[in-house]
Amino acid sequence: MAGGTREVLTLQLGHFAGFVGAHWWNQQDAALCAPTDAREPPGELCPDVLYRAGRTAHGQETYTPRLILMDLKGSLSSLKQEGGLYGDRQLDAAIAWQGKLTTHKEELYPQNPYLRDLLSAEGVLSSDGIWRVKPIPNGKGPPPLPAAIAPRPLIPTESSIRVWSDFLRVHLHPRSICMIQKYNHDGEAGRLEAFGQGESVLKEPRYLEELEDRLHFYMEECDYLQGFQILCDLHNGFSGVGAKATELLQDEYSGRGIITWGLLPGPYSLGEPQKNIYRLLNTAFGLVHMSAHSSLVCPLSLGGSLGLRREPPVTFPHLHYDATLPFHCAAILATALDTVTVPYRLRSSPVSMVHLADMLNSSGKKVVTAAATIPFPLVPGQSLPDALVQLGGATAWTPLSACGDPSGTCFAQSVVLRGLDKACHTSRLAPGTRLPSPLHACDTGEDVLAQYLQQQQPGVRSSTHLLLAPCKVVPPYPCLFSPSLSPPFCPPTAVESIPVLGALCSSSTSGRALGDLARELGKLDVRRWASFMDAGVEQGDVEEALQELGSLAQCYQGGDGLAD
């Protein structure tokens, strides 16, 4: 580890969280693999924040995500639970045993064709049986192996993606994957559907001890762990797993930042009333409990509502996506996540998770919203001032938290704009030309962005970051880009990186959404949904959640100084 690195441990809880996480890690991996000139200074983002260096039993250096992932039986497809870098634990145990051996082999899932291509793209199996992986970035690790130019990676088709592991390009550490064997990913029976079921998982010594063991493993090798980022399904029983996990982290590692991203897939189906009611209840309970134990909670969804009110999915001017496909929705949310998490991943002058949360969660406003412009629409010949004047206010950003109309009062915000060439940061008008706006008079890109936010929302506390590094969207990122995009983005199938504007905002929009959720929960006769209550939730728990939602919503009713 580099000295002074502020490490982050990531937890992924649930299958949709797995989809978002797979895209997220693929994007991190693409940034690591980007060709760089040895004479160039290190990148703006520090990969050591998210990754850990290790070594296999054969002495091969590795660089894997600092990650704990929980999912259900049947969700891994052809991916081994122990990963592929450190050997097969069962085979190693068999070799150690000298007695009679009987092997019962479970039928393997067929490997996705895209993952077969991964083998040639990521490394080579040498003659001595050792898997040689790509070298660690920034000059770490052994020199790269001489190899022929790899073919362009296959782009997986939507029909070939059944689970998130079908398109994960990143090798995981053996301590990363934790399977919940008592519940099934597929089928109608044995599903993790309710909040109470999820809570009970981490009340069982087996799963609690397994999680604690993995936490201790990663914690012991960190010099300065700044905190935890949790990607958690909100709509199913994993909301209960997330509630217990955040409680454990707060109890065991007080003082560390805990930022929870509550994930919801696309719009629900009107023909599934029980599923929709469970989604409402799980979301409500998850937000209440995780906000109590997290520094910050941000729902992430391309849907229009957290509750039962059916709203169309959000739209993007330059993206065409299918809201019914987790593969598409997760790619967009991962792109936003890769941008809004920039402050605590910076190599120089990072903002810690705790400080980011403190700026946004004043007066108990722990639930924030996210918004993004994907891609940021800077056409050739334009400068950043030109693009921002054309873009308009924050309401032009696409909301990503299913909280409805984003035009409420903003109290504080963290805004990141990445991927613009430095030559575009300021106006390029000839001297003496009449300036179209005050933005064109700014001397730096940082001043342009700060001035823009001040104009749109006077008096709001704003933290801004402007990065040169774009967001990587190489395969297996789906082809979502509109053919109408002007160069350098066209043709859409050839897009490898894009500029993105992302924002986290503490605003009255969150309060309104929480209040609406409380009203919907209050109208619900939970006695009609005995199966949800039988999973471990009592009537008193529902009433308490209702009160907590109301209290959270009230935090947003007044200003807090600067916003007034």
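Below or above, wherever it landed, is the structure these notes cover.

Rules and cut-offs
Residues numbered from 1 in each chain as written. Predicted model: local features only at pLDDT ≥ 70, side-chain atom pairs only at ≥ 80, totals over all residues. Heavy atoms only, no water. Helix = DSSP H or I, 4+ residues; strand = E, 2+ residues; numbered from the N terminus. Buried < 20%, exposed > 50% of the residue type's maximum accessible area, 1.4 Å probe, protein only. Contact = heavy atoms within 4.5 Å. Axes fitted to C-alpha atoms, helices over the stretch in contact; angles between N-to-C directions. Parallel < 35°, antiparallel > 145°, perpendicular 65-115°, else oblique. Left-handed = near helix turned anticlockwise from the far one by under 90°. Nonpolar A, V, L, I, M, F, W, Y, C, P; charged D, E, K, R; others polar. Pairing = 2+ DSSP bridges. Expected span 1.5 Å × (residues − 1). Salt bridge = Lys/Arg side-chain N within 4 Å of Asp/Glu carboxyl O.

**Here's the deal with the side chain of serine 507**
Tracing the sequence through the fold places serine 507 in strand E17 (residues 500-507). Given the relative accessible area of 3%, serine 507 is considered buried. Filtering out sequence-adjacent residues up to four positions away, serine 507 remains in contact with Thr369, Thr409, Cys410, Phe411 and Tyr556.

**Considerations on the packing of helix H7 (residues 273-293) against helix H14 (residues 539-554)**
Between two packed helices, what matters for the description is the angle formed by their axes and the separation of those axes. Axis separation between H7 and H14 bottoms out at 10 Å; the angle between their running directions is 65°. As judged from the angle between their axes, H7 and H14 are roughly perpendicular. Here the hand of the crossing between H7 and H14 comes out left-handed. On H14, the residues that touch Ala284, Phe285, Val288 and Ser291 of H7 are Asp541, Val542, Ala545, Glu548, Leu549 and Leu552. Broken down by class, the residue content of the contact of H7 with H14 amounts to 7 nonpolar, 1 polar and 2 charged.

**As for the sheet that holds strand E13 (residues 410-418)**
What holds strands together in a sheet is hydrogen bonding between their backbones, with the strands either parallel or antiparallel. Sheet architecture is open: 5 strands sit in the order E12-E11-E17-E13-E14, paired in mixed fashion. Strands at the two margins of the open sheet, each flanked by one partner only, are strand E12 (398-399) and strand E14 (461-467). As paired elements, strand E11 (residues 369-373) and E12 share 2 bridges and run antiparallel to each other. By the bridge assignment, alanine 372 is partnered in E12 with threonine 398. Helix H12 (residues 508-523) contacts E11, E13 and E17 of the sheet and is inclined by roughly 65° relative to E17.

**Side note on H12**
For H12, spanning 16 residues, the distance from its first C-alpha to its last is 23 Å, which sits close to the expected 22 Å at 1.5 Å a residue. Within H12, the full set of buried residues consists of Ser508, Thr509, Ser510, Gly511, Ala513, Leu514, Gly515, Leu517, Ala518, Glu520 and Leu521. Its buried side turned inward, H12 meets H7, E11, E13, E17 and H14.

**Some remarks on the pattern of salt bridges**
What the rule picks out here adds up to 12 salt bridges. The salt bridge involving lysine 182 is made with glutamate 204; its shortest N-O contact spans 2.4 Å. Residue lysine 182 is found in strand E7 (residues 177-184), and its partner glutamate 204 is found in the loop between helix H4 (195-201) and helix H5 (205-220); the two are separated by 22 residues along the sequence. Given a relative accessible area of 25%, glutamate 204 falls into the partly exposed group. A salt bridge links aspartate 525 to arginine 527, with the nearest nitrogen and oxygen atoms 3.1 Å apart.

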